[in-house]
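# Coordinate inspection notes
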Amino acid sequence: QVQLVESGGGLVQAGDSLRLSCVAPGRGFSSYSMGWFREAPGKDREFVAAIAGSGPAATSYGDSVKGRFTISRDNVQNTVYLQMNSLTPEDAAVYYCAGSTRLRLIGSILMGAKIASWYSSWGQGTQVTVSS
């Protein structure tokens, strides 16, 4: 498992942008596929985005964020980012960073990206609040 520390959450207005960061101190970061999930009060944890560990920068996105959110990573800085644009009140949630060694890249598909139980490491979460 890898330790994960998220940052970048906060209060923004609808239409604004926000960038979340997740740092994984230590070695082996590039061997992990990384994902972002979110959890709003009274709702199940929802898949947001994922990115393969190394090689081709394959990504996967949840339907509700496609075209607005972008996941990226810097394997030198051991950091994964989530750029969130055109935020709406429906995006308000606690956002969690997660790491997995189980995801597999088949062609351009990152298999298992949406399965929370396939991630072995989780951060503490960062709150995103969007006012209308």
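Relevant structure appears above.
Bear in mind that the values here come from a model prediction, so they are computed numbers and not experimental data.

Rules used in this analysis
- Residues numbered from 1 in each chain as written.
- Predicted model: local features only at pLDDT ≥ 70, side-chain atom pairs only at ≥ 80, totals over all residues.
- Heavy atoms only, no water.
- Helix = DSSP H or I, 4+ residues; strand = E, 2+ residues; numbered from the N terminus.
- Polar contact = N/O pair within 3.5 Å; in protein donor to acceptor, adjacent residues only side chain to side chain.
- Contact = heavy atoms within 4.5 Å.
- Pairing = 2+ DSSP bridges.
- Axes fitted to C-alpha atoms, helices over the stretch in contact; angles between N-to-C directions.
- Disulfide = S-S within 2.5 Å.
- Buried < 20%, exposed > 50% of the residue type's maximum accessible area, 1.4 Å probe, protein only.
- Salt bridge = Lys/Arg side-chain N within 4 Å of Asp/Glu carboxyl O.
- Core = buried A, V, L, I, M, F, W, Y, C linked by side-chain atoms within 4.5 Å.
- Phe/Tyr/Trp six-rings, centres within 6.5 Å; stacked < 30°, edge-to-face > 60°.
- Lys NZ or Arg CZ within 6 Å of the ring centre and 35° of its normal.

## Digging into the side chain of S100
Along the polypeptide, S100 turns up in strand β9 (residues 93–100). A distance of 3.0 Å separates a polar atom in the side chain of S100 from the backbone nitrogen of R102. At a separation of 2.7 Å, a polar atom in the side chain of S100 contacts the main-chain carbonyl oxygen of W118. With sequence-adjacent residues up to four places away left out, S100 is seen in contact with S31, Y32, S33, W118 and Y119.

## Overview of the sheet that holds strand β3 (residues 18–23)
An order of β1-β3-β8-β7 is seen for the four strands of this open sheet, with the pairing classed as antiparallel. Each of the sheet's edge strands pairs with one partner strand only, and the pair in question is β1 (5–7) and β7 (69–74). Adjacent strand axes in the sheet meet at a mean angle of 15 degrees when their direction is disregarded. As paired elements, β7 and strand β8 (residues 79–84) share six bridges and run antiparallel to each other.

## Structural notes on the state of the cysteines
What the rule picks out here adds up to one disulfide. C22 shares a disulfide with C97; S-S distance 2.1 Å. Residues C22 and C97 are joined through a disulfide that is left-handed, its torsion about the S-S bond being -80 degrees. With a gap of 75 residues between them, C22 in strand β3 and C97 in strand β9 connect regions that are remote in the sequence. Comparing C22 with C97 shows no difference in burial state: the two are buried.

## Section: the pattern of salt bridges
Enumeration over the complete set of coordinates arrives at five salt bridges. Residue R38 is joined to E46 by a salt bridge in which the shortest nitrogen-to-oxygen separation is 2.9 Å. Judged by relative accessible area, R38 falls into the buried class, the value being 5%. R38 is the partner of D91 in a salt bridge, and the nearest nitrogen-oxygen pair spans 2.9 Å. Of the two residues, D91 is situated in the loop between β8 and β9 and R38 in strand β4 (residues 33–39); the sequence distance between them amounts to 53 residues. Three or more residues are tied together by salt bridges with common partners; here these are R38, E46, R68 and D91.

## Things to note about the nonpolar core
Of all hydrophobic cores here, the largest spans 28 residues; its most connected members are M34, W36, V80, L82, M84 and Y95. Listed by contribution, the elements that provide at least two residues to this core are β3, β4, β5 (46–51), β7, β8, β9 and β13 (126–131). F47, A50, A58 and A113 belong to the second largest nonpolar core, which has 10 residues in total.

## So, the packing of aromatic side chains
Evaluated as defined, the whole model comprises four aromatic pairs. An aromatic cluster is present here, built from F37, F47, Y119 and W122 joined pairwise through their rings. Note that R45 overlies the ring of Y96, its terminal NZ or CZ placed 4.2 Å from the centroid. Here the basic side chain of R102 rests over the ring of W118, its NZ or CZ set 4.4 Å away from the ring centre.

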